[in-house]
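Structure assessment
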Amino acid sequence: MTARLVIAVPAKGRLQENAEAFFARAGLGLVKPRGARDYRGTVAGLDDIEVAYLSAAEIAGQLAQGAVHLGITGEDLVREMIPHADDKVVLLEGLGFGFANVVVAVPQAWIDVRNMADLDDVATAFRLKRDRRMRVATKYINLTRGFFAKHGVIDYRIVESSGATEGAPAAGTAELIVDITTTGTTLAANGLKVIEDGTILRSQANLVAARGAEWTEAARATARLVFDRIVAHSRARAFREVRTRFKGLDDKLLAATRERFGVVAPYGGPTSSGMMTLHCPPAHVHALASFLREHGAETVVVAELDYVFARDNPLYDKLAAGI
Amino acid sequence: MSEAKDLRATALVASYERAGYAPAAPAILQPAEPFLDLSGEDIRRRMYLITDSGTGEELCLRPDLTIPVARDYLASPAAGQPAKFCYLGPVFRQRGDGPAEFLQAGIESFGRADTAAADAETLALAIEATAHYGLAAPAIRMGDVALFSALIAALDLAPAWKRRLAKDFNRKSSLAHDLDRLVLGSPNGKPEYQGVLAALANSDPRAARALVTDLLSIAGITAVGGRSVGEIADRFLEQAELGAGSALPGATRAVIERFLAVNGDPNAALLALRALADEAQLALAPALDLFESRAGLLAKRGIDLKRIHFSTAFGRGLDYYTGMVFELHDPGGKVQGELVAGGRYDGLFARLGAVQPVPAVGFAAWIDGLVGLGGRK
């Protein structure tokens, strides 16, 4: 491992686009100095970072081994591919893309199967009748085994499937499946339905840290720098800046805005002239503006924020606590 | 540890040979399917699996020897005939604590119709294994899966509940949960077609089945995932019945719990079970008669029945056992876990694809455990 902080980023598709956009929004421009087909990259202006472009599944593996410091990959892959995942990695933050639910789906014709208890019973009846176990097609072997064990289902066999899993019941290679779904359309098109309590995991892309990576002082410092930007951006997105100035704006009124609109005052109370900068959640901006005018404000200016840097960094604290 | 390094193991198996058990040496590399099918997916993470790049077949390093010996026998001309085998060899399991390759010795007895005698012989030879390593009086834990099956069969319960209880016998926490649910009825939500189900519950079963079957075919549903439309209809109606009278009378639960509380030496347990069967008017006689004759044969072989701890609730966590199950332990507690374990698995051969049922009983001894007793070399 180099002394640099290694960040693994998905190498293709929507996941790559979303991951790059996520870093770009935080002011971290990923660049590939040797051209678009290169699998190694850097971050513009930050020499201490190496970006490794890998498949999402490889990223989970590399995180487990500690071969990279940080990575972006789906929680489904982390939970499936890393035994005792929480001992090996820290899921730092859900990134709001790459949503997918890992679900248990059975043929729609199974009108007698509504929940896992039904499935358990059907599985046992199936074995007693046929002297073989019901087959579950999936690529999520570990998630399936854990979930079925939790529900006491034992009479099943896993058939590994790497693609077009939802076609397995119709093709006769399995009785039911465990697969990811976003809208359920593909499942329905294949005559399958999701079992009521059969959602194994609600997954999304995560920023993940490897506990086993070589976290030198330098690597930590670089990570802090990266997280500063990420947090600064997410804080900025969580608020609008509201500025106003009027005589009646005192501590009591300020307390009222905090309570009613979740406002924070990054620079403390009003200046002697009544000048005030507030940060307000976007949803409450209009109500806050009305409130302030009712109490005497002539003008209320609201603006979007690009970054809000602060001394504390909860994301880094989470990392530091985990490694 | 290799075979050569434990001469006592070789001598032990030689004694089984003299007792009429033919040495078996199945292949180390085995198809994974039968193990996963018989032991369940849970064994997968303990197995060493590889995929054959030519055929795509999943292979494994054998995690036990019972299934390989049974498969070889089933493929041989002797299949279906009485046959006895003994073995000594390495098995492979991923274990957190201890080497992944370790030696097992054991015997298998296939095709014998004299169940009680075969059971007694098997347990007697198992005790010889610990005696061979200096432990003449191991702690003997015994159960009998057939007794629980007989109880379930004798109770007035919906088929769905019988299946469930039989399956959960090996998982006691689930069993307690099942009993709670049985008494309370299903608490969490009636099916949305409760009304339809209730209506069907009181109709002629054949007409109801035809109706549900028709509905499914009208809907044009073809993907039934290996279950027949009739099967789905049957279970749908079974649910209707359950919905109509879903709660188990407290008295029935009390019988199950009283049954599962029976333990002690086989003679004492037998008395308690006969009394329970009389009181609750349960037809357990065939299973209890077999139990009694087995106990008699064990005593005849010089095994002190007082030293056997029998419990109706004792199972080995594997659902292919069908009758007697047992484990021999170190009473001193120096070696943790079972030294020898086995039982009867009459369902094994059907699961391996045999057309005719073949009775089977056997055990496996953990050589590293026996060596760990530290007896005279």
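Residues numbered from 1 in each chain as written. Chains lettered and ligands numbered in written order. Predicted model: local features only at pLDDT ≥ 70, side-chain atom pairs only at ≥ 80, totals over all residues.

On to the overall build of chain B. Across its full length, chain B holds 15 helices and 12 strands. In chain B, the proportion of contacts linking residues at least 24 apart, taken out of those at least 6 apart, comes to 71%. (Helix = DSSP H or I, 4+ residues; strand = E, 2+ residues; numbered from the N terminus. Contact = placed C-beta atoms within 7 Å.)

This part covers the interface of chain B and chain A. Chain B puts 26 residues into the contact, and the matching count from chain A is 30 residues. With five residues, helix H6 (residues 159-168) of chain B is the single largest residue contributor to the side of chain B that touches chain A.

Looking now at the domain arrangement of chain A. All names here are of chain A. According to the domain assignment, chain A consists of domain 1 (5-98 + 204-234 + 315-322), domain 2 (100-202) and domain 3 (240-304). The distance between the C-alpha centroids of domain 1 and domain 2 comes to 32 Å. Each partner contributes residues to the interface: domain 1 has six residues there, and domain 2 has seven residues. When residues in the side of domain 1 that touches domain 2 are grouped by element, the largest group, four residues, is from helix H3 (residues 75-81). Residue composition of the side of domain 1 that touches domain 2, by class: no nonpolar, two polar and four charged. (Domains from an automatic or database assignment. Nonpolar A, V, L, I, M, F, W, Y, C, P; charged D, E, K, R; others polar.)

Residue and element names in this part refer to chain B. The strand order across the open sheet built from three strands is E2-E4-E3, with neighbouring strands paired in antiparallel fashion. In this open sheet, the two strands that pair with only one neighbour each are strand E2 (29-31) and strand E3 (48-51). Here the average twist between neighbouring strands, direction ignored, is 35°. Across three bridges, the pairing between E2 and strand E4 (residues 58-61) is antiparallel. When the bridges of E4 are listed, Leu29 appears paired with Leu61. (Pairing = 2+ DSSP bridges. Axes fitted to C-alpha atoms, helices over the stretch in contact; angles between N-to-C directions.)

Residues and elements named next belong to chain A. What the seven strands build is an open sheet, ordered E2-E3-E4-E1-E5-E12-E6; its pairing is mixed. Of all the strands in the sheet, just strand E2 (30-31) and strand E6 (89-94) have a single pairing partner and so form its edges. As defined by bridge partners, E2 adjoins strand E3 (residues 40-43) across two bridges and the pair is classed as antiparallel. Pairing of Leu30 across the sheet is with Val43, part of E3. Across the sheet, helix H2 (residues 56-65) is in contact with strand E1 (5-10), strand E4 (46-54), strand E5 (70-74), E6 and strand E12 (205-210); its angle to E5 comes to roughly 135°.

All names here are of chain B. End to end, helix H12 (residues 266-280) covers 21 Å across 15 residues, agreeing with the expected 21 Å (1.5 Å per residue, within 8%). Regarding H12, the residues found buried are Pro266, Ala269, Leu273 and Ala277. The buried side chains of H12 occupy one side of the element, clustering within an arc of 70° when seen end-on. Relative to its buried face, H12 has exposed residues pointing more than 90 degrees away, namely Leu271, Ala275, Asp278 and Glu279. Its buried side turned inward, H12 meets strand E8 (263-264), helix H13 (285-300) and strand E9 (308-311). (Expected span 1.5 Å × (residues − 1). Buried ≥ 20, exposed ≤ 12 C-beta atoms within 10 Å, placed from the backbone. Arc of directions from axis to C-beta.)

Further remarks concern the pairing of E3(A). All names here are of chain A. Going residue by residue along E3, you find Gly41 and Val43 tucked away on one face and Arg40 and Thr42 left uncovered on the opposite face. Strand direction decides the pairing type here: E3 and E4, joined by three bridges, are antiparallel. When the bridges of E4 are listed, Gly41 appears paired with Val51. Between E3 and E4, which pair antiparallel one after the other, the connecting turn spans two residues, and Gly45 there sits at a positive phi close to 85°.

On to helix H1 (residues 13-25) of chain A, then. All names here are of chain A. In this model, H1 (13 residues) spans 19 Å end to end at C-alpha, consistent with the 18 Å of a helix rising 1.5 Å per residue. For H1, the set of buried residues is Leu15, Ala19, Phe22 and Phe23. For H1, the angular spread of buried residues about the axis comes to 95°, placing them on one side. Turned more than 90 degrees from where H1 packs its buried face, Gly13, Arg14, Glu17 and Ala21 sit exposed. Where H1 is buried, its residues contact E1, E2, H2, E5 and E12. Immediately downstream of H1, the backbone of Gly27 shows phi near 75°, a positive value.

Turning next to the nonpolar core. Within soluble globular proteins, side chains that are nonpolar tend to cluster in buried spots. Residues B:Tyr87, B:Ala105, B:Ala126, B:Phe326, B:Val340, B:Ala360 and B:Ala365 are the most contacted members of the largest nonpolar core, which totals 80 residues. If you tally residues by element for this core, the top one is helix H4 (residues 115-132) of chain B, at seven residues. Apart from the residues lying within four places of it in its own chain, the contact partners of B:Ala126 are B:Phe326, B:Leu328, B:Val340, B:Gly342 and B:Phe363. Formed by 45 residues, the second largest nonpolar core is a distinct cluster that contains A:Ile7, A:Leu28, A:Ile72 and A:Val208. (Core = buried A, V, L, I, M, F, W, Y, C linked by C-beta atoms within 7 Å.)

Residue and element names in this part refer to chain A. The buried count for strand E8 (residues 134-138) comes to five of five residues, which makes it a mostly enclosed element. Neither face of E8 is left uncovered, since the one carrying Met134, Val136 and Thr138 and the one carrying Arg135 and Ala137 both have all their residues buried. Both E8 and strand E9 (residues 156-160) contribute to a ladder of five bridges, which runs parallel. Along E9, the bridge assignment pairs Ala137 with Val159. A crossover connection joins E8 to the parallel E9 through helix H6 (residues 141-150); in handedness this β-α-β unit is right-handed. Sheet topology note: the E8/strand E10 (residues 176-181) ladder contains three bridges and is parallel. Bridge pairing links Val136 to Leu176 in E10. (Right-handed = clockwise from strand over helix to strand, strands pointing away.)

Quick look at unusual backbone geometry now. The residue A:His84 is not glycine, and still its phi comes out positive at about 50°. Relative to the assigned elements, A:His84 resides in the loop between H3 and helix H4 (85-88). Residue classification places A:His84 among the exposed positions, given that 8 C-beta atoms sit within 10 Å. Phi is positive for B:Gln281, close to 50°, though the residue is something other than glycine. Inspection of the secondary structure puts B:Gln281 in the loop between H12 and H13.

We now examine the packing of H12(B) against H13(B). Residue and element names in this part refer to chain B. Put simply, H12 and H13 touch, their axes get as near as 11 Å, and they point 165° apart. Between H12 and H13, the interaxial angle falls into the category roughly antiparallel. Between H12 and H13 the crossing geometry is left-handed. Across the interface between the two elements, Pro266, Asn267, Leu270, Leu273, Arg274 and Ala277 from H12 touch Leu288, Phe291, Glu292 and Ala295 from H13. (Parallel < 35°, antiparallel > 145°, perpendicular 65-115°, else oblique. Left-handed = near helix turned anticlockwise from the far one by under 90°.)

Residue and element names in this part refer to chain A. Inspection of the secondary structure assignment puts Lys247 in the loop between strand E13 (240-245) and helix H10 (251-261). By the C-beta count within 10 Å, which is 10 here, Lys247 ends up exposed. On a C-alpha basis, the gap between Lys247 and Ala100 in space is 52 Å, while along the polypeptide they are 147 residues apart. Ignoring any residue separated from it by four or fewer positions in sequence, one finds Lys247 in contact with Gly274 and Gly296.

Okay, the environment of B:Leu270 next. Residue and element names in this part refer to chain B. Of note, Leu270 is situated in helix H12. Accessibility expressed as a C-beta count within 10 Å gives 19 for Leu270, which makes it partly exposed. Distance in space between the C-alpha atoms of Leu270 and Leu237 is 39 Å, their sequence separation being 33 residues. Among residues more than four places away in sequence, those in contact with Leu270 are Leu288, Phe291, Glu292 and Ala295.

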